[in-house]
Amino acid sequence: VQAYSQEKLTLGLSAGLSKPMGDFASTEMETSADGFTTGLAKPGLSVDFTGNYKINKNFGLMCLVRYQSNALDEDAMLGLMSDAISSGVSVTIDSKPWKTYSFMGGVNHSFPLMDKLSLESRVLVGASMVKSPDFDLSPVYLVSHSLVIPKVKAKLFFQPYLEQG
């Protein structure tokens, strides 16, 4: 959805489904040199805000701000932990989602097809901050005690982002 446009400046807002793939969506517990590789992520929401400043008719400078949220697959998490939980004990889980914040900038090129239709190619690089989910496990038979898993702090890392569209 294009929200604002002038001859040189275009602002846009878009939203859609965020479908996790690979290790991020995996529900199988695997270990690697970096630790566990399962993300247990479920489909979620992605929202992009873009700004494009045209340098000339076909080339421009672009920035993108993205927010993405994916719920934790709580059933898969409990399944992976079933061996560590004593038999006869029921456990509930309360979790918050994976959250990703991305800030990117770069260049784009428009390929005009018709008067009001064109293809756009862009190359963007930037930084992303990913916050892993916080979650609490609570044994059902305990009323006044619950097991709390420590929260994992968000980490900042650089993510190359290439898009052709």
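The rules behind these values
- Residue positions are given per chain, counted from 1 along the sequence in the order it is written.
- Per-residue local features of the predicted model are confined to residues with pLDDT of at least 70, and side-chain atom pairs are confined, for both listing and counting, to 80 or more; whole-chain, interface and lining totals are unaffected and use all residues.
- Only hydrogens and water are set aside when side-chain values are computed; all heavy atoms of the structure are taken into account.
- The helix count covers DSSP runs of H or I at least four residues long, the strand count covers runs of E at least two residues long, and both are numbered beginning at the N terminus.
- The rule is simple: take the accessible area with a 1.4 Å probe, protein chains only, and divide by the maximum for that residue type; under 20% is buried, over 50% is exposed, in between is partly exposed.
- It only takes one pair of heavy atoms within 4.5 Å for two residues to be counted as in contact.
- Any Phe, Tyr or Trp ring, taking Trp's six-membered ring, that has another such ring centre within 6.5 Å forms a pair; planes under 30 degrees apart are called stacked, those over 60 apart edge-to-face, and the others tilted.
- Known as pLDDT, the predictor's per-residue confidence is scaled from 0 to 100.
- Salt bridges are identified by distance alone: a Lys or Arg side-chain nitrogen within 4 Å of an Asp or Glu carboxyl oxygen.
- Here a patch means residues that are over 30% exposed by relative accessible area and free of salt bridges, tied together within 9 Å if like-charged and within 5 Å if nonpolar (Val, Leu, Ile, Met, Phe, Trp, Tyr).
- For every accessible area listed, the method is Shrake-Rupley and the probe measures 1.4 Å; residues are considered covered only by the protein chains on display.

## Focus: the overall build of the chain
Point 1. Along the backbone of the chain there are 2 helices and 12 strands.
Point 2. Across the chain, helices and strands are ordered from the amino to the carboxyl terminus as β-β-α-β-β-β-β-α-β-β-β-β-β-β.
Point 3. Sorting the 165 residues of the chain into buried and exposed places 28% on the buried side.
Point 4. Partitioning the contacts of the chain with sequence separation of at least 6, the portion at a separation of at least 24 is 64%.

## Regarding the packing of aromatic side chains
Point 1. Within this structure, the stated rule accounts for 1 aromatic pair.
Point 2. Seen from their ring centres, Y67 and Y101 are 5.4 Å apart, and the 50° between their planes marks the pair as tilted. Here Y67, found in strand β6 (residues 59–72), pairs with Y101, found in strand β8 (residues 98–112); they are 34 residues apart in sequence, far enough to count as distant.
Point 3. For Y67, a relative accessible area of 28% gives the class partly exposed.

## Side note on the confidence of the model for the chain
Point 1. Here the chain averages 78 in pLDDT, and 72% of its residues register 70 or above.
Point 2. Looking across the chain, the model is least confident in strand β12 (residues 155–164), with a mean pLDDT of 44, and most confident in β6, with 95.
Point 3. Below a pLDDT of 50 lies the segment residues 147–165, which in the model reaches 40 contacts outside its immediate sequence neighbourhood of four places, other chains included.

## Notes on the pattern of salt bridges
Point 1. Within the structure shown, the criterion is met by 3 salt bridges.
Point 2. The closest approach of N and O atoms between D48 and R66, which form a salt bridge, is 2.6 Å. Here R66 lies in strand β6 and D48 lies in strand β5 (residues 41–54), a separation of 18 residues in the sequence. Taken individually, D48 and R66 each receive the classification buried, so the pair is uniform in this respect.
Point 3. Across the pair R122 and E120 runs a salt bridge, and its minimum N-O distance is 3.1 Å.
Point 4. Judged by relative accessible area, R122 falls into the buried class, the value being 16%.

## Some thoughts on the environment of G79
Point 1. Residue placement: G79 occurs in helix α2 (residues 74–81).
Point 2. The spatial distance from the C-alpha of G79 to the C-alpha of T27 is 9.0 Å, given a sequence separation of 52 residues.

## Things to note about a nonpolar patch on the surface
Point 1. Taken together, the side chains of L9, Y53, I55, F59, L61, V107 and V123 present a nonpolar region at the surface, about 620 Å² in accessible area.
Point 2. Within the secondary structure layout, V123 lies in strand β9 (residues 118–131).

## Focus on the environment of N52
Point 1. With respect to the element layout, N52 can be found in strand β5.
Point 2. Between the C-alpha atom of N52 and that of N108, which follows or precedes it by 56 residues, the distance is 8.3 Å.
Point 3. Among residues more than four places away in sequence, those in contact with N52 are K8, L9, T10, G60, L61, M62, N108 and E120.

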